[in-house]
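Architecture and fold: a report
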Amino acid sequence: MLALCGCGQFFSEHSTVKDETVDKLIDNGDFSQAKALIKLKIASEDLSKKEEYDWLAKIDIMERTQKDFRLDDSTVVAQIKEYYPDVTAEELARWEECGALECKVIDGQKRYFHSAARNLFRISKEAQSRYEQIKGRQSDDLDAFLSGYIPKVVAAAKARDGKNGSMVMPVKMKIRYTLTVPAEEVPAGEMIRVWMPYPRNDAKHREIKLLSTTQPEYIVSPDSYAHKSIYMEKPADGKEDAVFGYELSYTSYNVFFNISPEDIRPYDTESELYRKYTDQRQTHIIFSDKIRHLTDSIVASEKNPYLKCVRIFDYIAANYPWASAREYSTIENIPEYVLQNRHGDCGQVTLLFLTMARYAGIPAKWQSGWMMHPGEVNLHDWAEVYFEGIGWVPVDQSFGLVQGSEDDDVLHFYTKGLDAYRLIVNDDYSADLYPAKIYQRSETVDFQRGEVEWKGENLYFGRWKYRMEVEYL
């Protein structure tokens, strides 16, 4: 029988422990000094278990940051010289200053993000142009697929005239998810605990059928948990890799809300829903001065909630290109990071959209899981916004505008629709897992790849492998 951990879960979005000296050392990149001071505090002060956990979590985040920023300048400059043979120190400094070439000074040494060089050619329009001169313009198979697929979805939905969301053109998929822990990672005989992503009982998902599991005993988390998982455990044997996995089939629907601005009623601003989903939330939904000023300039005098949503969506799509992301757990405030560095991946621009929408008075929340498009299976995040009289409407910020059509409902499909090629796992960010985890999660914001631990430690990303296989039925 699987045992539910009785240790409780200390995980929270925001650490409660503060020390001006430690925080300043971390901000300045003096990680070694900060770690030493934290260890001294743990050894010498009378701390609660929660305080000790939070201090150790700070050390963990510093070590994760060092893993992300693991390249030296010689490695990165060599990669850039493939396209800029005569790159100058002045050019490098300019790219670093604007955030196009991401680096940090850690313990007195400049260290670059592991994807800094490739990201440069995504973020800087000048560098992107140079890249395309040499490599040629890179075609996007997903964009090509969507430009032909989405008009059919919109046409099918309009045939039903569903203002409250028409679900059309179902796609049935069978998935096989596998998580493998190498034999050397956990001492023989110790219990390995694993959480893997699992589809939610969302209105867009139907006929979810679990077909097989690698372990005879497992726990599928209740729907009341915002992060949906299937939990398994087995002892390490010290010789063979520990393999966890399952197979299931499900049917997923395209949804499109055939709405116009005048369909939306005034909000009940006193309702619990409105107050909750237009409120700030530590640490990633904060109405800073930057957020307020930028959102005000974008929304201007517009009063209609849907048109406000479109203005924010279009601005983010036009100004913050996709780039490979740091681990979310290493970023204190993700929307501020996007504004400062002028780029973001799907989850980062989604959190920026959520923050701006909430500040503009539009209830908005997080949703995420996997994109399951043929040839483009990957982790993915998006949002939902609430329109009075309509309900919750999906908004996929990072998919942006659907090109190739003059029909605005097609062009702006992802402001009021979602394609069927999804595995919806999460209905919020930074939520608890079931059963509770003992150690700090590898991903403190999202839940898509999975989580692994044993009684001695959390196993961070890179110490185990995951694989999603999809069959279209």
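Computed from a predicted model, the values in this text were never measured in an experiment. (Residues numbered from 1 in each chain as written. Predicted model: local features only at pLDDT ≥ 70, side-chain atom pairs only at ≥ 80, totals over all residues. Heavy atoms only, no water.)

Focus on the overall build of the chain
Here is the rule we go by: Numbering of helices and strands starts at the N terminus; helices are DSSP runs of H or I of at least 4 residues and strands are runs of E of at least 2. Just to be clear, the radius of gyration here is over C-alpha atoms, and the globule rule we use is 2.2 Å times residues to the power 0.38. Partly exposed describes any residue whose relative accessible area lies between the buried limit of under 20% and the exposed limit of over 50%, with all areas from a 1.4 Å probe on protein chains only and scaled to the type maximum. We call two residues in contact when some of their heavy atoms are within 4.5 Å. Throughout, the Shrake-Rupley method with a 1.4 Å probe supplies accessible areas, and for residues the shown protein chains are the sole cover considered. Only four residue types enter the tally: Lys and Arg on the positive side, Asp and Glu on the negative side; His and the chain ends are excluded. Just so you know, the charge point we use is NZ for Lys, CZ for Arg, CG for Asp and CD for Glu.
What the chain contains, in helices and strands, is 14 helices and 16 strands. Radius of gyration (C-alpha) of the chain: 23 Å, near the 23 Å computed for a compact globule of 473 residues. For the chain, the C-alpha atoms occupy an extent of roughly 65 × 60 × 50 Å along the three principal directions. Evaluated residue by residue, the chain yields a buried proportion of 54% over its 473 residues. In the chain, 71% of the contacts between residues at least 6 apart in sequence involve partners at least 24 apart. A total of about 21100 Å² of accessible surface is found on the chain, and carbon and sulfur atoms cover 47% of it. Treating the 59 positive side-chain charges of the chain as one cloud and the 76 negative ones as another, the clouds have centres 2 Å apart.

Remarks on helix α3 (residues 49–68)
Applicable threshold: What a helix is expected to span follows from its residue count: subtract one and scale by 1.5 Å.
Between its terminal C-alpha atoms α3 stretches 29 Å, which fits the 28 Å expected from 20 residues at 1.5 Å a residue. What α3 keeps buried is the set Y53, D54, W55, A57, K58, I59, I61, M62, R64, T65 and D68.

Structural notes on the pattern of salt bridges
Here the idea is simple: oppositely charged side chains can pair when their charged atoms come close. Stated precisely, the cut-off is as follows: Only one rule defines a salt bridge in this text: a Lys or Arg side-chain nitrogen within 4 Å of an Asp or Glu carboxyl oxygen.
Per the stated rule, a full pass over the model turns up 33 salt bridges. In this structure, the salt-bridge partner of R449 is E327, at a minimum N-O distance of 3.0 Å. Of this pair, R449 sits in the loop between β13 (422–426) and β14 (451–454) while E327 sits in the loop between α11 (305–319) and α12 (334–341), and the two are 122 residues apart along the sequence. As far as burial versus exposure is concerned, R449 and E327 are alike and both buried. As a salt-bridge pair, R467 and E469 come within 3.7 Å of each other at their nearest N and O atoms.

Comments concerning the pairing of β14
Spelled out, the test is: If DSSP finds at least two bridges between two strands, the strands pair.
Burial along β14 is two-sided: the face carrying E451 and E453 and the face carrying V452 and W454 are both buried. Pairing of strand β4 (residues 191–197) with β14 involves three bridges; the strand directions are antiparallel. Paired with W195 across the strands is E451, a residue of β14. For β14 and strand β15 (residues 457–458), the ladder comprises two bridges, and the chain directions are antiparallel. Note that in β15 the partner of W454 across the bridge is E457. In this structure, the hairpin formed by β14 and β15 is closed by a connection of two residues.

A short note on the side chain of T415
What counts here: Any pair of N or O atoms that falls within 3.5 Å is considered a polar contact. Within protein, one atom must be able to donate a hydrogen and the other to accept it, and sequence-neighbouring residues count only if both atoms are side-chain atoms.
Considering the arrangement of structural elements, one finds T415 in the loop between α14 (408–411) and β12 (417–418). Residue classification places T415 among the buried positions, given a relative accessible area of 0%. A distance of 2.8 Å separates the side chain of T415 from the side chain of Y306, its partner in a polar contact. A distance of 2.7 Å separates the side chain of T415 from the backbone oxygen of H412, its partner in a polar contact. Other than its neighbours up to four places away in sequence, T415 contacts Y306, V310, F313, V393, P394 and V395.

Let's talk about the nonpolar core
The test is simple: We call a set of buried Ala, Val, Leu, Ile, Met, Phe, Trp, Tyr and Cys residues a nonpolar core when their side-chain atoms join them within 4.5 Å.
Grouped together as the largest cluster of nonpolar side chains are 104 residues, with contacts concentrated most on V181, F353 and F387. Residues contacting F387, with those up to four places away along its chain left out, are I259, I264, Y267, P305, Y306, C309, I362 and V393. Grouped together as the second largest cluster of nonpolar side chains are 32 residues, A100, L101, A127 and Y131 included.

Digging into the sheet that holds strand β6 (residues 219–220)
On the basis of which strands lie adjacent, the open sheet formed by five strands has the order β6-β7-β4-β14-β15 and antiparallel pairing. Pairing within the sheet leaves two strands with one partner each, and these edge strands are β6 and β15.

Notes on the sheet that holds strand β11 (residues 391–395)
Test applied: Here an axis means a line fitted to C-alpha atoms, over the contact stretch when the element is a helix, while the angle between two N-to-C directions is reported on a 0 to 180 degree scale.
In spatial order, the strands read β11-β10-β9-β13; together these four strands make up an open sheet with antiparallel pairing. The outermost strands of the open sheet, each flanked by one partner alone, are β11 and β13. The sheet shows a mean angle of 35 degrees between the axes of neighbouring strands, direction not considered. In this structure, strand β9 (residues 364–373) lies alongside β13, joined through four bridges in antiparallel fashion. Paired with G369 across the bridge in β13 is I424. Docked against the sheet, helix α8 (residues 141–160) engages β9 and β10 (376–387), running at close to 100 degrees with respect to β9. Along the sheet, helix α13 (residues 346–359) contacts β9, β10 and β11; its crossing angle with β10, the most-contacted strand, is approximately 5 degrees.

Considerations on the packing of aromatic side chains
So the rule is basically this: For Phe, Tyr and Trp, where Trp contributes only its six-membered ring, two rings pair if their centres lie within 6.5 Å, and the inter-plane angle classes them as stacked under 30 degrees, edge-to-face over 60, or tilted in between.
Under the counting rule described, the total for this entry stands at 29 aromatic pairs. For the pair Y225 and Y434, a centre-to-centre distance of 5.1 Å together with 55 degrees between the ring planes defines the contact as tilted. Here Y225 is found in the loop between β6 and β7 (229–235), whereas its partner Y434 is found in the loop between β13 and β14, with 209 residues between them in sequence. Geometrically, the ring pair formed by F256 and F413 is stacked, given 5.7 Å between the ring centres and 10 degrees between the ring planes. Residue F256 is located in strand β8 (residues 242–256), and its partner F413 is located in the loop between α14 and β12; the two are separated by 157 residues in the primary sequence. No difference in accessibility class separates F256 from F413, as the two residues are buried. These aromatic residues form a ring-pair network of at least three members: Y177, Y198, Y246, W370, Y460, F461, W464 and Y466.

A few points about the environment of T330
Within the secondary structure layout, T330 lies in the loop between α11 and α12. In this structure T330 comes out as buried when scored by relative accessible area, which is 11%. Residues T330 and L352, 22 residues apart in the sequence, show an inter-C-alpha distance of 17 Å. Beyond its immediate chain neighbours, meaning those up to four positions away, T330 contacts I61, R64, T65 and D68.

A word on helix α6 (residues 116–123)
At 3.6 residues per turn, the α-helix brings residues three or four places apart onto the same side. Counting buried residues in α6 gives six out of eight residues, a clear majority hidden from the surface. Three or more residues of α6 are buried, namely A116, A117, N119, L120, F121 and I123. Buried positions along α6 lie against α4 (73–80), α5 (89–98), β2 (109–112), α7 (125–135) and α12.

A closer look at the environment of I285
With respect to the element layout, I285 can be found in the loop between α9 (272–277) and α10 (289–299). Along the sequence, I285 and I219 sit 66 residues apart, while their C-alpha atoms lie 32 Å from each other. If we skip the residues at most four places from it in the chain, I285 touches D279, Q280, L354, T355, R358 and Y429.

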